[in-house]
Protein chains: 2
Amino acid sequence: MTGERPPASIRFRDALLVTQDPDRRLLRGDLVVEDGRIRSVGAPSEGPTEETVDARGFAIVPGFVNTHGHVAMTLLRGIADDRDLGAFLERLFALDARRTETDIEAGAALGIAEMLLGGTTSFLDLYYGEDAVARAVDSLGIRGFLGWAVLDPELTTQKGHPVENARGFLGRWANHPLVTPLVAPQGVYVCSRETWLGAKELAEKSGTLLHYHLSETRKEVHDHERKTGLRPPHWLESIGALGPHQVAAHGVWLTRAEIELLARHGVGISHCPNSNLKLATGGVCPVPELREAGGVVGLGTDSAASNNSLSMLREMHAAGLLQKHQKWDAAVLPAQVLLDLATIEGAKLLNTSGELGSLEPGKRADFSLFRLDHPSLAPARPEAIVSHLAYSASDEAVDSVYVGGRCVVRHRELTARPWQSIRTEAEAAAEALWRP
Amino acid sequence: MTGERPPASIRFRDALLVTQDPDRRLLRGDLVVEDGRIRSVGAPSEGPTEETVDARGFAIVPGFVNTHGHVAMTLLRGIADDRDLGAFLERLFALDARRTETDIEAGAALGIAEMLLGGTTSFLDLYYGEDAVARAVDSLGIRGFLGWAVLDPELTTQKGHPVENARGFLGRWANHPLVTPLVAPQGVYVCSRETWLGAKELAEKSGTLLHYHLSETRKEVHDHERKTGLRPPHWLESIGALGPHQVAAHGVWLTRAEIELLARHGVGISHCPNSNLKLATGGVCPVPELREAGGVVGLGTDSAASNNSLSMLREMHAAGLLQKHQKWDAAVLPAQVLLDLATIEGAKLLNTSGELGSLEPGKRADFSLFRLDHPSLAPARPEAIVSHLAYSASDEAVDSVYVGGRCVVRHRELTARPWQSIRTEAEAAAEALWRP
């Protein structure tokens, strides 16, 4: 990452600390960061630090973990609204064929900027051309968990075999401090048994995650059942594909048996309520049932082409509303659980809960400072802060954002690159892409 | 209203004009305002004006019309989450008894500030103590359609008879340029036939609106049916209460026959999706069916205690998602219709469509300037502006807001009073109210 070297140690003085630790404590006090990690949380002042930030009037909140998306598609926000997934993909696939490395990078930068400005510090992505996304991650300082899209060679516009392309991508980005390269079979509808198992083997041998779409639409589920005799989760089990360190996005159309199956195999679910609702997928990801079965659930925005935002605050809100509505029970997914999904549960999903997702000594210093004087948090009663984060806060309540102790957003300005240059570049790239 | 005298004429030069006129035209050009009204829209430059605003880089959008809420309750944001309407109201009624004129005005100012900063220029309110709300309207320069809550005398904490209190309120604010006082029977569960008809007669004699809650929960509907033999809409018809110039909030549990009935009597519906979803009311306001039957539907935020925001942008988004989900049809309530509900349809609901809700010559100059370089609108393709407003824009994309040609928000600062003083006053008032 370009930009300033972070100070070796920083004290954030007198903040409201939304720790998300095992006791979900709210503390008032100092947060001290050293060498990119959290040294102490809420403890009384001790020892000097290189920098001190006056954090009175701010809540410090763990960085949000966005567990599913296609960040380069931010360039396509609003291009294909008000149509179902089939018609949506038809429009999008036509555009995909025209995409260049330049506009993938420009779109990724646009989306990463939006995420950072909304307090998201880690994201899980599924796309091809992930090298361009990785460069945008590197330049803006977010954590990118980047899944190279794998599908059957005869169905892709990728040159060469997608599994081999993924292997190359893993090799090129194996040692980057912010990029975690991983493997992403797109879905059972475009992956043969051989392709899927090749992707899984590659992820396992490389010690990385496998990320895929699963049971998003009725069509996907029923087409697969017609073709193979099994619905997608049981088909994946039948070929020996299920296992831990896997993140399945959507999980909208799941039976009770499938919920148990996924939980038993340790497959995590990325719930994407805004995208599912807007595409009228009809079903509802069974979040409480998955959690009761022992599964881990995080939140994902999906892309700005279907959401149409990358705000994790909006995602928490939508996740809460959808489940309450679905169950006729206002107590389902209360505010604290929604914040858990966006932080510590998302970190578990990415197999990084020892490193990310809460304010605890030893963890990476990934967090945001929320302005307590922002209209969307007023009145800023400390006992209501978790409610405000889940139900009312807007992205602009985020004042500053740190990733690994480095300030990546300061008073709503990206530190690496001016927002206006990212926007201008993205709009130039959109010009060609949006042409009918 | 205190603050600066507006210039007699203003030219907004070279804006993207989201007219919401009968052809829903998007124009590029000038908007000229004279004596608080729109003189020309998109026409070539003609004649001098007292002030010129360079509006390149902005979209000018009609001010949003929020058709249901309880603005003074903004003080209670986050105080009673994750519980159904019954438990929610139990908590809220206990607090109501402790409310003072001072904190009603402080809460109203907080809510009005939030609405103005999010591009809302008119709102319909239902509460007691509306004089305090009217003072906040006057001081901040929004348009307030303020309904004095009417219920049976033995059920209210109001001193005196609520219908007489409403009459007094109508008299006191009959000639204010921004306040439209009106009558608001709270709901069939707290109003006898006599009370309801007294309220209706008062509204009709005063030539103003009647605003009420209707069929929000199953309990309300079934309790009333048990008590009277009729569900609420048909009971209202049976007592001769239905008619035009009425706005019923919620309309969540409506039968096909009730949809026809309300449309036939010209009763408008304020749809409040975020509040309904969060309170787990279970049903869904049949927005497309109401519109097909010839009814008028607007959007309302309800209060910040149940929403938990007063953003009309969030309301459009939720309204779209809920209907698409409900119908398994992504094409239902497309972006343009969502923007219609928030602007011109809301104006029809308030019986002000000749005055408000679109950018057309002769109408009141109520509109907002949206920054086209805001992250939530990027890439800012003109052909996607309506989509962005419906699905991704955040309140902070609003740069400036005009009501009747007077600038009430300039570059995100309220012109009448600093936001920080409103917030400080509200938080002082909350201090006593939030005590357990």
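The shown structure was predicted, so the numbers you read here are calculated from the model rather than taken from an experiment.

1. Digging into the overall build of chain A
- Within chain A, the secondary structure is distributed over 15 helices and 17 strands.
- Taken against the 2.2 N^0.38 rule, which gives 22 Å for 436 residues, the C-alpha radius of gyration of chain A at 21 Å falls within 12% of a compact globule.
- For chain A, the spread of C-alpha atoms along the three principal axes comes to 65 × 45 × 40 Å.
- Within chain A, the proportion of its 436 residues that are buried is 67%.
- The contacts in chain A between residues at least 6 apart in sequence include a share of 71% that link residues at least 24 apart.
- Split by element, the accessible area of chain A, about 14,300 Å² in all, is 51% carbon and sulfur.
- Here chain A holds 45 positive side-chain charges and 56 negative ones, and the gap between their average locations is 0 Å.

2. Considerations on the pairing of strand 10 (residues 210-214) of chain A
Residues and elements named next belong to chain A.
- Of all five residues in strand 10, five are buried; the element is thus mostly enclosed.
- Covered by surrounding structure in strand 10 are Leu 210, Tyr 212 and Leu 214 together with His 211 and His 213, the residues of both alternating faces.
- Across five bridges, strand 10 lies against strand 11 (residues 246-250) in parallel orientation. Opposite Leu 210, over in strand 11, you have Gln 246 as the bridge partner.

3. A few points about the relation of the copies chain B and chain A
- Mapping chain B onto chain A calls for a screw motion: a turn of 180° about the axis and a shift of 0.0 Å along it, with 0.0 Å RMSD after fitting. When the rotation and shift are considered jointly, the pair of chain copies conforms to a two-fold rotation axis.
- Of the interface residues in chain B, 98% have counterparts in chain A that sit at the interface too, so the contact is made through matching surfaces.

4. Here we look at the domain arrangement of chain A
All names here are of chain A.
- Split by domain assignment, chain A resolves into domain 1 (9-62 + 363-419) and domain 2 (64-349).
- Taking only C-alpha atoms into account, the centre of domain 1 sits 28 Å from that of domain 2.
- Interface of domain 1 and domain 2: buried area, both sides summed, is about 2,500 Å²; carbon and sulfur atoms make up 64% of it.
- Considering only the surface of domain 1 that becomes buried against domain 2, Gln 20, Tyr 391 and Asp 395 emerge as the three largest contributors, covering 24% of it.
- Joining domain 1 to domain 2, the criterion identifies two salt bridges.
- Taking the shortest distance from any N to any O, the salt bridge between Asp 366 and Arg 143 comes out at 2.6 Å.
- Among the elements that take part in the side of domain 1 that touches domain 2, helix 14 (residues 385-391) stands out by supplying five residues, more than any other.
- Residues of the side of domain 1 that touches domain 2, tallied by class, amount to 19 nonpolar, five polar and seven charged.

5. Quick look at the packing of helix 4 (residues 162-172) of chain B against helix 5 (residues 193-205) of chain B
Residue and element names in this part refer to chain B.
- Their axes nearest at 10 Å, the elements helix 4 and helix 5 cross at an angle of 15°. In terms of orientation, helix 4 lies roughly parallel with respect to helix 5. For the pair helix 4 and helix 5, the crossing hand works out as right-handed. Each of Val 163, Ala 166, Arg 167 and Leu 170 in helix 4 lies in contact with helix 5, whose residues at this interface are Thr 195, Gly 198, Ala 199 and Leu 202.
- When the residues that make up the contact of helix 4 with helix 5 are grouped by side-chain class, the tally is five nonpolar, two polar and one charged.

6. A short note on the side chain of A:His325
- Here A:His325 shows up in helix 11 (residues 312-327).
- Overall, A:His325 belongs to the buried group, its relative accessible area being 7%.
- Sequence-distant contacts of A:His325, that is, excluding residues within four places in its chain, are made with B:Leu277, B:Gly282, B:Gly283, B:Val284 and B:Leu322.

7. Re unusual backbone geometry
- Note the cis peptide between A:Asn307 and A:Asn308, where omega equals 10°.
- With respect to the helices, strands and loops of the structure, A:Asn308 is situated in the loop between strand 13 (297-299) and helix 11.
- The omega torsion across B:Ala378 and B:Pro379 is -5°, close enough to zero to call that bond cis.
- By secondary structure assignment, the location of B:Pro379 is in the loop between strand 14 (367-371) and helix 14 (385-391).

Cut-off values and rules
Residues numbered from 1 in each chain as written. Chains lettered and ligands numbered in written order. Predicted model: local features only at pLDDT ≥ 70, side-chain atom pairs only at ≥ 80, totals over all residues. Heavy atoms only, no water. Helix = DSSP H or I, 4+ residues; strand = E, 2+ residues; numbered from the N terminus. Rg over C-alpha atoms; globule rule 2.2 N^0.38 Å. Buried < 20%, exposed > 50% of the residue type's maximum accessible area, 1.4 Å probe, protein only. Contact = heavy atoms within 4.5 Å. Areas by Shrake-Rupley, 256 points an atom, 1.4 Å probe, with all protein chains shown as cover. Lys, Arg positive; Asp, Glu negative; His and termini not counted. Charge placed at Lys NZ, Arg CZ, Asp CG, Glu CD. Pairing = 2+ DSSP bridges. Least-squares fit on C-alpha atoms with pLDDT ≥ 70 in both. Domains from an automatic or database assignment. Buried area = accessible area lost by both parts, 1.4 Å probe. Salt bridge = Lys/Arg side-chain N within 4 Å of Asp/Glu carboxyl O. Nonpolar A, V, L, I, M, F, W, Y, C, P; charged D, E, K, R; others polar. Axes fitted to C-alpha atoms, helices over the stretch in contact; angles between N-to-C directions. Parallel < 35°, antiparallel > 145°, perpendicular 65-115°, else oblique. Left-handed = near helix turned anticlockwise from the far one by under 90°.

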